[in-house]
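Spelled out, the chains give:
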2 protein chains.
Amino acid sequence: MVDLAETLVDMVDAADWAMFSKNGGDATAQSVLIARAATGRRKIVKIKEGYHGVAAWMQEDRPGTTPADTEHVLEIPWNDLEAFQALIDQHPNDIACFISSAYEHSLFRDNVLPADGYWEGIEALCRKHGIVLIIDEVRTGFRINLRGANVEYGFTPDLICFGKAIANGFPLAALVGSDSMKDAAKEVYFTGTQFFNAAPMAAARATLLELQKIDGAQMMTDYGNSLNKGLVAVAASHGYDFIASGVPAMPYYRIEASSLKLHSAWVDHCVSRGLYLLAVHNNFVSTAHSEKDLKKILEIADDAFNALGSPSSQALAG
Amino acid sequence: MVDLAETLVDMVDAADWAMFSKNGGDATAQSVLIARAATGRRKIVKIKEGYHGVAAWMQEDRPGTTPADTEHVLEIPWNDLEAFQALIDQHPNDIACFISSAYEHSLFRDNVLPADGYWEGIEALCRKHGIVLIIDEVRTGFRINLRGANVEYGFTPDLICFGKAIANGFPLAALVGSDSMKDAAKEVYFTGTQFFNAAPMAAARATLLELQKIDGAQMMTDYGNSLNKGLVAVAASHGYDFIASGVPAMPYYRIEASSLKLHSAWVDHCVSRGLYLLAVHNNFVSTAHSEKDLKKILEIADDAFNALGSPSSQALAG
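Definitions and limits used
- Here, residues in each chain are numbered from 1, in the same order as that chain's written sequence.
- As they are written, the chains are lettered A onward and the ligands numbered 1 onward, keeping that order.
- Whole-chain, interface and lining totals are the exception, using all residues; otherwise, since this is a predicted model, local features are given only for residues with pLDDT of at least 70 and side-chain atom pairs are given and counted only at 80 or more.
- Each side-chain value is worked out from all heavy atoms of the structure, with water and hydrogens disregarded.
- The numbering of helices and of strands both runs from the N terminus, where a helix is a DSSP run of H or I of at least 4 residues and a strand a run of E of at least 2.
- For a helix, the expected span equals 1.5 Å multiplied by the residue count minus one.
- Accessibility here uses a 1.4 Å probe with only protein chains present; expressed as a share of the type maximum, an area under 20% marks a residue as buried, one over 50% as exposed, and anything in between as partly exposed.
- Picture the helix axis, draw a direction to every C-beta atom, and the arc is the one those directions span.
- Of the grid points, spaced at 1 Å and generated over the protein atoms alone, those admitting a 1.4 Å probe that cannot get out make up cavities, while open sets with protein on both sides within 12 Å along at least five of seven lines make up pockets; any residue with an atom within 4 Å of a point is treated as lining.
- Grid points are joined across faces, edges and corners, and a volume is the space filled by probe spheres set on the points.
- Ten residue types, Ala, Val, Leu, Ile, Met, Phe, Trp, Tyr, Cys and Pro, are classed as nonpolar, four, Asp, Glu, Lys and Arg, as charged, and the remainder, Gly among them, as polar.
- By definition, two strands form a pair when at least two bridges between them are found by DSSP.
- Whether two residues touch is decided by their heavy atoms; if any such pair falls within 4.5 Å, the residues are in contact.
- A quick way to say it: buried area is the sum, across both parts, of accessible area lost when two parts are put together, with a 1.4 Å probe.
- We define a salt bridge as a side-chain nitrogen of Lys or Arg found within 4 Å of a carboxyl oxygen belonging to Asp or Glu.
- For the purposes of these results, a polar contact is taken to be a pair of N or O atoms within 3.5 Å, where, inside protein, one atom must be able to donate a hydrogen and its partner to accept one; residues adjacent in sequence count only when each atom of the pair is a side-chain atom.
- Classification of ring pairs uses Phe, Tyr and Trp, with its six-membered ring standing for Trp, and accepts pairs whose centres are within 6.5 Å; under 30 degrees between planes counts as stacked, over 60 as edge-to-face, and the remaining range as tilted.
- Inter-axis angles, ranging from 0 to 180 degrees, are taken between N-to-C directions of lines fitted to C-alpha atoms, where helices are fitted over the stretch in contact.
- The atoms used to superpose the copies are C-alpha atoms, taken from residues with pLDDT of at least 70 in both, and the fit is least squares.
- Note that the term roughly parallel is reserved for angles under 35 degrees, roughly antiparallel for angles over 145, roughly perpendicular for angles of 65 to 115, and oblique for everything else.
- Domain limits in this description derive from either an automatic procedure or a database domain assignment.
- In this scheme the handedness of a crossing depends on how the near helix is turned from the far one: anticlockwise by less than a right angle means left-handed, clockwise means right-handed.

1. A word on helix H7 (residues 198-214) of chain A
Residue and element names in this part refer to chain A.
Part 1 of the argument: With 17 residues, H7 should reach 24 Å at 1.5 Å per residue; the first-to-last C-alpha distance of 25 Å fits that figure.
Part 2 of the argument: Those residues of H7 lying buried are Pro 200, Met 201, Ala 203, Ala 204, Thr 207, Leu 208 and Leu 211. End-on view of H7: buried residues confined to an arc of 160 degrees, all on one side of the axis. Facing away from the buried side of H7, by more than 90 degrees, are the exposed residues Ala 198 and Lys 213.

2. A closer look at empty space enclosed by the protein
Part 1 of the argument: According to the stated counting rule, one finds three cavities of 30 Å³ or more in the structure shown.
Part 2 of the argument: Of the voids in this model, the largest cavity is the one considered here, and its volume is about 50 Å³.
Part 3 of the argument: Lining the largest cavity, in full, are A:Arg36, A:Ile44, A:Trp57, A:Ala68, A:Asp69, A:Glu71, A:His72, A:Val73, B:Thr66, B:Ala68 and B:Asp69.
Part 4 of the argument: Of the residues in the lining of the largest cavity, the class split is five nonpolar, two polar and four charged.

3. Brief notes about the pairing of strand S6 (residues 159-162) of chain B
A regular strand carries its side chains on alternate faces of the sheet.
All names here are of chain B.
Part 1 of the argument: Burial of the side chains of S6 extends over both faces: Leu 159 and Cys 161 are buried on one face and Ile 160 and Phe 162 on the other.
Part 2 of the argument: In terms of strand pairing, strand S5 (residues 132-136) meets S6 through three bridges, oriented parallel. Paired with Ile 134 across the bridge in S6 is Leu 159.
Part 3 of the argument: Where S6 lies against strand S7 (residues 173-177), four bridges are found, and the strand directions are antiparallel. From the neighbouring strand, Ile 160 faces S7, where its bridge partner is Val 176.

4. With respect to the interface of chain B and chain A
Part 1 of the argument: With 34 residues of chain B at the interface, the matching set in chain A holds 34 residues.
Part 2 of the argument: Roughly 2900 Å² is buried in total at the junction of chain B and chain A, and carbon and sulfur atoms are behind 56% of that figure.
Part 3 of the argument: Its largest share of buried area at the contact with chain A, chain B owes to B:Asn23, B:Tyr189 and B:Gln194, together 21% of the area lost on that side.
Part 4 of the argument: Taken together, chain B and chain A are joined by two salt bridges.
Part 5 of the argument: Here A:Arg36 ties to B:Asp69 by a salt bridge, and the two come within 3.8 Å at their closest N and O atoms.
Part 6 of the argument: Taken together, chain B and chain A are joined by 14 residue pairs in polar contact (both at pLDDT 80 or more).

5. With respect to the packing of aromatic side chains
Part 1 of the argument: Using the criterion set out here, one finds 28 aromatic pairs over all chains in the structure.
Part 2 of the argument: Look at A:Trp119 and A:Phe155: their rings are 4.2 Å apart centre to centre, the planes differ by 5 degrees, and that puts the pair in the stacked class. Here A:Phe155 lies in the loop between helix H5 (149-153) and strand S6 (159-162) and A:Trp119 lies in helix H4 (residues 118-129), a separation of 36 residues in the sequence. With respect to burial, A:Trp119 and A:Phe155 carry one shared label: buried.
Part 3 of the argument: On the basis of an interplanar angle of 85 degrees and a centroid distance of 6.2 Å, the ring pair of A:Tyr189 and B:Tyr51 is categorised as edge-to-face.

6. What about the sheet that holds strand S3 (residues 73-76) of chain A?
Residue and element names in this part refer to chain A.
Part 1 of the argument: An order of S1-S7-S6-S5-S4-S2-S3 is seen for the seven strands of this open sheet, with the pairing classed as mixed. Each edge of the sheet is formed by a strand with only one pairing partner; in this case those strands are strand S1 (17-21) and S3. On average, adjacent strands in this sheet sit at an angle of 20 degrees to one another, irrespective of strand direction.
Part 2 of the argument: In this structure, strand S4 (residues 95-100) lies alongside strand S5 (residues 132-136), joined through four bridges in parallel fashion.

7. What to know about the relation of the copies chain B and chain A
Part 1 of the argument: Screw-axis analysis of chain B against chain A gives a translation of 0.0 Å along the axis, an RMSD of 0.0 Å, and a rotation angle of 180 degrees. In symmetry terms, the pair is related by a two-fold rotation axis. If distances are taken from each C-alpha of chain B to the rotation axis, the shortest is found for B:Ala68, at 2.8 Å.
Part 2 of the argument: A symmetric contact is evident, with 100% of the interface residues of chain B recurring at the interface of chain A.

8. Things to note about the sheet that holds S7(B)
Residues and elements named next belong to chain B.
Part 1 of the argument: Here seven strands make up an open sheet; going across it, the order is S1-S7-S6-S5-S4-S2-S3 and the pairing mixed. Of all strands in the sheet, those bounded by a partner on one side alone are strand S1 (17-21) and strand S3 (73-76). Each neighbouring strand pair of the sheet contributes to a mean axis angle of 20 degrees, computed without reference to strand direction.
Part 2 of the argument: Here strand S2 (residues 43-47) runs beside strand S4 (residues 95-100); their pairing, made up of four bridges, is parallel. Counted as the bridge partner of Ile 44 is Cys 97 from S4.
Part 3 of the argument: Each of S1 and S7 is contacted by helix H1 (residues 2-11), which is oriented at about 125 degrees to S1, the strand it contacts most.
Part 4 of the argument: Contacts between helix H4 (residues 118-129) and the sheet are confined to S2, S4 and S5, with S5 contributing the most and set at about 140 degrees to the helix.

9. Considering helix H10 (residues 291-308) of chain B
All names here are of chain B.
Part 1 of the argument: With 18 residues, H10 extends 26 Å between its outermost C-alpha atoms, agreeing within 8% with the 26 Å of an ideal straight helix rising 1.5 Å per residue.
Part 2 of the argument: Residues of H10 that are buried include every one of Leu 294, Ile 297, Ile 300, Ala 301, Ala 304, Phe 305 and Leu 308, and no others. Buried residues along H10 cover an arc of 140 degrees about the axis, so they all sit on one side. Relative to its buried face, H10 has exposed residues pointing more than 90 degrees away, namely Glu 291, Lys 292, Lys 295 and Lys 296.

10. Let's talk about the packing of helix H3 (residues 81-90) of chain A against H4(A)
Residue and element names in this part refer to chain A.
Part 1 of the argument: Close contact between H3 and H4 brings their axes to 10 Å; oriented N to C, the two are set at 10 degrees. When the interaxial angle is binned, H3 and H4 end up roughly parallel. When H3 is examined against H4, the residues Leu 81, Phe 84, Gln 85 and Ile 88 are found in contact with a partner set consisting of Tyr 118, Gly 121, Ile 122, Leu 125, Cys 126 and His 129.
Part 2 of the argument: Its residues assigned to classes, the contact of H3 with H4 comprises seven nonpolar, three polar and no charged.

11. Some remarks on the domain arrangement of chain A
Residue and element names in this part refer to chain A.
Part 1 of the argument: With domains assigned, chain A is organised as domain 1 (2-214) and domain 2 (216-317).
Part 2 of the argument: Look at where the C-alpha atoms of domain 1 and domain 2 centre, and you get two points 30 Å apart.
Part 3 of the argument: Contact residues are listed per partner, giving 19 residues for domain 1 and 20 residues for domain 2.
Part 4 of the argument: Interface of domain 1 and domain 2: buried area, both sides summed, is about 1600 Å²; carbon and sulfur atoms make up 61% of it.
Part 5 of the argument: Looking only at domain 1, the three residues that lose the most surface to domain 2 are Phe 108, Asp 110 and Arg 143, adding up to 39% of its buried area.

12. Considerations on the packing of helix H8 (residues 216-237) of chain A against helix H10 (residues 291-308) of chain A
Residues and elements named next belong to chain A.
Part 1 of the argument: The interhelical angle for the contact between H8 and H10, taken along N-to-C directions, is 25 degrees, at an axis separation of 10 Å. Looking at the two axes, H8 sits roughly parallel to H10. The handedness of the crossing between H8 and H10 comes out as right-handed. Of the residues in H10, those in contact with Tyr 223, Ser 226, Leu 227, Gly 230, Leu 231, Val 234, Ala 235 and Ser 237 of H8 are Glu 291, Asp 293, Leu 294, Ile 297, Leu 298, Ala 301, Asp 302 and Phe 305.

Have a look at this one:
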């Protein structure tokens, strides 16, 4: 555990300490407890439809939740500094934290990168008003930048939540933070029987050291760029505009000017041919993906467009 | 996953279905969502100081929580049917669930078994008032009765939460329930990236089948009884009254008529001699404990009492 914490602190710019749990949602729940403990404030600001796990405070209006669960959760649209400023004005000295992924990767729509100056603006507002800045890197962790997505986007968060691929499939999540959050992190009560299993921690350490050795984030970015370019070209050869949004290591795909139904039909054709893509969620590139895989993916994609038929036949069918 | 669910449904009387997560606290959080979804009610009734994980609704007044987190959490003393009836009267048609461990195993004090008629009374009140009955077997699971602690205590819960030892050290938790809860269980949103790892599920299935084969609960109960008897005898030979409370497979130990400080000092003497006991929490017996271990435990306990000195020397020191 200490070895892994040291690896994270060495690797991640914003990390002065690390704590461990099992799922990304554990790390986000813990981050909010820490932010509230550090500030003595109640309100959480998040991005509209931003996903941070299944704790009741994240499940607005879902079955089994009560209005009290989300009483102190506020939302703003992505890339909207004015909306953040407005909430700060409406709730003076009561916003404990701003929690967000590094860019918008919601379901069912194009993912959106941060606008120029957005993260700088968010950071400035957080600093000015004593708001804890939390980045949820559960999906993006070690895919954009091994030192933290914030390094890529030019800002410094107080807390970063990691999960998913951190231990290459073994169950682990990590919360890392700055020295300024350390006292609050010590103060909050957050534990679980399974948080401290040794095998996932050993797996995480081996994974992180290997990612550093091979520059995994760069590998996945390069591969994602090739994959996106290839799929756009294959689609174009069938008369379709293919959109790849988000970061290259985690592309969200959509066929332009078509319904989700048509895109899902194309994805179904891919899946039935052995290419597992997602219609509603971003896909994930891995360092295990090879040039051979790329060739195979583009062949299957091509064959799936054949099965789908031309845009004009689709327009007639629609 | 399906194999493990079938094993649980075969093994646990009250289980018609099973869902999986990582920590006991996941299962308890999920159980409460299901109870609220099933009833459309808000209030949770739990036992005073009963522990069900680190979700904010369980953390009254702890750093980082807000009053809204526990707004709908009500508490009653253990073994107190009248207090439950009083809450039902105060909150007509607004109590979604009663959640409790099978017996009281709080920290820092003797554990308390259910009084005669207690669980029958709780079940009757739950049925009469449409309250979902949830048993938290995260600690007791498969230690009291392989078919569920409720079978031992003569009642039928709607939901049972399992965790900790279910997969013999691999991270896994399970929520099982009755058919009447199935629709609500389907309706609630509860998921996590790591909930569905295959290895912990295979480990859990192997563990449960082995526990059935060897009647693990009976083995641990028999061993716990021998252990308790032996420790009481060793303590008596040094002039101490030694109390073992709770179920034999999970004994809470205390030196009678002494401060926690003295008990902790004795435990420290044990730990420094290679016997890992807990001063504030129940201990756990395992099917791996042997007769040889028992002999060794009693030798160390004896030696630790020697190091502690006699009750009269303690009284002088105190």
